[in-house]
Amino acid sequence: MSQSSGLTKAYAQQLDAQDELASYREEFYLLPSLYLDGNSLGLMSKRAEKSVMDMMQSWKELGVEGWTTGRHPWFFFSEKLAEMSAALVGAGPEEVIVTGSTTINLHQLAATFYRPVGKRSKVVATELDFPTDIYALQSQMKLHGLDPEEHLVRVASRDGRLIEEEDIIDAMTDEVALVVLPTVLYRSGQLLDIERLTAAAHERGILIGFDGCHSVGAIPHSFSKWGVDFAYWCNYKYVNAGPGSVGSLYVNRKHFGRTPGLAGWFSSKKDKQFDMDHTLEACESAGAYQIGTPHMLSLAPLLGSLEMFQEVSMEKLRTKSLGLTRFMMDLIEVELTDMGFTIANPQQDDRRGGHVSLEHEEAIRICKALKEAGIIPDFRAPNIIRLAPVAFYTTYTEVWESVQILKAIMLEKSYEKFENKREVVA
Ligand SMILES: *Cc1c(COP(=O)(O)O)cnc(C)c1O
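Residues numbered from 1 in each chain as written. Predicted model: local features only at pLDDT ≥ 70, side-chain atom pairs only at ≥ 80, totals over all residues. Heavy atoms only, no water.

J.: I'd love a proper account of the domain arrangement of the protein, names of residues and values included.
T.: The domain architecture assigned to the protein consists of domain 1 (4-30 + 313-417) and domain 2 (50-311). For domain 1 and domain 2, the distance between their C-alpha centres works out to 30 Å. Listed per partner, the contact involves 30 residues of domain 1 and 23 residues of domain 2. Taken over both partners, the interface formed by domain 1 and domain 2 buries close to 2200 Å², and the fraction arising from carbon and sulfur atoms is 55%. Ranking the residues of domain 1 by area buried against domain 2 places Met314, Arg351 and His355 at the top, with a combined share of 26%. Applying the counting rule to domain 1 against domain 2 returns one salt bridge. Going through the elements one at a time, helix H11 (314-335), strand E10 (356-359) and strand E13 (384-387) are the ones with two or more residues in the side of domain 1 that touches domain 2. (Domains from an automatic or database assignment. Contact = heavy atoms within 4.5 Å. Buried area = accessible area lost by both parts, 1.4 Å probe. Salt bridge = Lys/Arg side-chain N within 4 Å of Asp/Glu carboxyl O. Helix = DSSP H or I, 4+ residues; strand = E, 2+ residues; numbered from the N terminus.)

J.: An account of the packing of helix H12 (residues 363-372) against helix H13 (residues 396-412) is needed here, citing residue identities and associated values.
T.: With their axes 10 Å apart at the nearest point, H12 and H13 run at an angle of 120 degrees to one another. Between H12 and H13, the angle falls in the class oblique. Where H12 crosses over H13, the handedness of that crossing is right-handed. Contacts between H12 and H13 involve Ile366, Ala369 and Leu370 on the former and, on the latter, Ile405, Leu406, Ile409 and Met410. Broken down by class, the residue content of the contact of H12 with H13 amounts to seven nonpolar, no polar and no charged. (Axes fitted to C-alpha atoms, helices over the stretch in contact; angles between N-to-C directions. Parallel < 35°, antiparallel > 145°, perpendicular 65-115°, else oblique. Left-handed = near helix turned anticlockwise from the far one by under 90°. Nonpolar A, V, L, I, M, F, W, Y, C, P; charged D, E, K, R; others polar.)

J.: Which residues make up the sheet that holds E13, and what values do they have?
T.: In space, the four strands of this open sheet follow the order E9-E10-E13-E12, with antiparallel pairing throughout. Each edge of the open sheet carries a strand with a single partner, namely strand E9 (342-343) and strand E12 (378-380). Taken together, the four bridges between E10 and E13 define a ladder with antiparallel strand orientation. Note that in E13 the partner of valine 356 across the bridge is leucine 387. Relative to the sheet, H12 contacts E12 and E13, its axis offset from that of E13 by approximately 40 degrees. (Pairing = 2+ DSSP bridges.)

J.: For the environment of proline 260, give the residues involved together with the corresponding values.
T.: Note on placement: proline 260 falls in the loop between strand E8 (248-251) and helix H10 (296-311). Since its relative accessible area comes to 5%, proline 260 is described here as buried. When near neighbours in sequence (up to four residues on either side) are disregarded, proline 260 contacts Gln108, Thr112, Ser267, Leu280, Ala282, Ala288 and Tyr289. (Buried < 20%, exposed > 50% of the residue type's maximum accessible area, 1.4 Å probe, protein only.)

J.: Quick one: what's the story with the UniProt feature "binding site: pyridoxal 5'-phosphate" (unreviewed entry) in the protein, residue by residue and with numbers?
T.: What UniProt calls "binding site: pyridoxal 5'-phosphate" (unreviewed entry) maps, in this numbering, to Thr102, Thr103, Phe130, Pro131, Thr132, Asp133, Asp211, His214, Tyr236, Trp265 and Thr293. The named residues occupy 192 residues along the chain; their greatest pairwise C-alpha distance, 30.5 Å, places them well apart from one another. Among the structural elements, tryptophan 265 can be located in the loop between E8 and H10. Ignoring any residue separated from it by four or fewer positions in sequence, one finds tryptophan 265 in contact with Gln273, Phe274, Met276, Ile291, Gly292 and Thr293. (UniProt positions renumbered as here; feature names shortened; annotations may be inferred.)

J.: Please give an account of the site of the ligand that cites residues and values.
T.: Contacts to the ligand come from Ser101, Thr102, Thr103, Phe130, Thr132, Asp133, Asp211, Cys213, His214, Tyr236 and Lys237. A distance of 2.5 Å is found between an oxygen atom of the ligand and a side-chain nitrogen or oxygen belonging to tyrosine 236. Between the ligand and lysine 237 there is a distance of 2.5 Å, counted from an oxygen atom to a side-chain nitrogen or oxygen. In isolation the ligand offers 390 Å² of accessible surface; the protein chains occlude 85% of this area. At the level of secondary structure, the elements contributing two or more residues to the shell around the ligand comprise helix H4 (102-113) and helix H5 (131-143). Its residues assigned to classes, the shell around the ligand shows three nonpolar, five polar and three charged. (Near = heavy atom within 4 Å. Polar contact = N/O pair within 3.5 Å; in protein donor to acceptor, adjacent residues only side chain to side chain. Areas by Shrake-Rupley, 256 points an atom, 1.4 Å probe, with all protein chains shown as cover.)

J.: Could you give an account of the packing of aromatic side chains, naming the residues involved and the relevant values?
T.: Evaluated as defined, the whole model comprises 15 aromatic pairs. Between phenylalanine 113 and phenylalanine 230, the aromatic rings sit 5.2 Å apart at their centres with planes inclined by 20 degrees, giving stacked as the arrangement. Taken together, the positions of phenylalanine 113 in helix H4 and phenylalanine 230 in strand E7 (residues 230-233) put the pair 117 residues apart, joining distant regions of the chain. Phenylalanine 230 carries the same exposure label as phenylalanine 113, and that label is buried. Between phenylalanine 130 and tyrosine 186 the ring centres are 5.0 Å apart and the planes differ by 70 degrees, which places this aromatic pair in the edge-to-face class. Here tyrosine 186 lies in the loop between strand E5 (176-182) and helix H8 (194-203) and phenylalanine 130 lies in the loop between strand E3 (122-126) and H5, a separation of 56 residues in the sequence. On the accessibility criterion, phenylalanine 130 (35% relative accessible area) is partly exposed. What makes tyrosine 186 buried here is its relative accessible area of 14%. Site record: aromatic cluster; members linked through ring pairs are Tyr24, Phe28, Phe309, Phe392 and Tyr393. Note that lysine 270 overlies the ring of phenylalanine 75, its terminal NZ or CZ placed 4.1 Å from the centroid. (Phe/Tyr/Trp six-rings, centres within 6.5 Å; stacked < 30°, edge-to-face > 60°. Lys NZ or Arg CZ within 6 Å of the ring centre and 35° of its normal.)

Here is the structure:
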């Protein structure tokens, strides 16, 4: 089939008919609108709902005994979920713990791994990072009495969209103690070469950690094989564990035994914790970087959600995700030419994440028009429309429909009736 004839609704339907993962769509509560915002908040699955209800039930029926009895004793639940998530990041089960949130976990990991010594005092990040990562790094620096203006190096983007790996490597001087980077950039969807950057940091005696919020659940990782020192991510985007669900962190086993920068009684060896001793014996696994009592009700949905990731390999999910985003980009190129759009994400399979990043000077108003037309996109200031077709629940037909609707909005200029102002949450 030629490429242009491949861009029909019939072809999209044919791809859906051949899709091995098609049955998973029924596992989710779909919205009346066509949902393309799974990179911000994944949809609720029936299994995630059930695991929350099960958690409520165990509280109802067991009271405090729920910590040690029942189907999933709460005291070991974070470790159980970590074991279930290890394959998502290519780690051993003890190298992951489900705990805290992205920002809290970065604080913990920076408190543990950022050790400015002599002239090796700098941290390398990028100017396109998600703000919370920068705020956390700045405040960690201040706790060391260092001025972030001087010690936090933010690698510049050449085009405002992408960061060149070469530029990051050039910034890895002998004054750098730590590099913290996103796996996938949240706006442009650029996937960094994690393996190459890790090797480059290590050659220079620098530790390196990654923020995996925009890749975990969308892309396979091999953190252990690549030797990544640490990583952290949320579980409410592509992992579909619900708003504010507990996040995760990864620590390479070569660092096991390193004293947690921010300790708490859940850092303990499990069998020692209830000795209630005032000298911490931290466990020798990623579990050491837990702090206090786990948020059971926000951990619960992960169980149901991760069951699905145990059934379907990350490779299969990635293959479908790449198929969906490729189809979307091909449609955009054919259907939306000369309408002022630029595809801002890299086009190559090994350089793009799970979403398509569309730039347009009218992005705010176009997003509002899309919502009115029954499509939920995501806007990032000042000019980005993010469209995330999710392997578990988006169809090729939906991708086809969404581009047709976007085309109609542009032809009719129906976005012009909206105010050019972003919402409080955008
Ligand atoms: C979503 C996201 C966060 C969010 O951090 P929270 O602590 O969960 O609020 C952080 N970093 C990146 C790159 C993100 O995409």
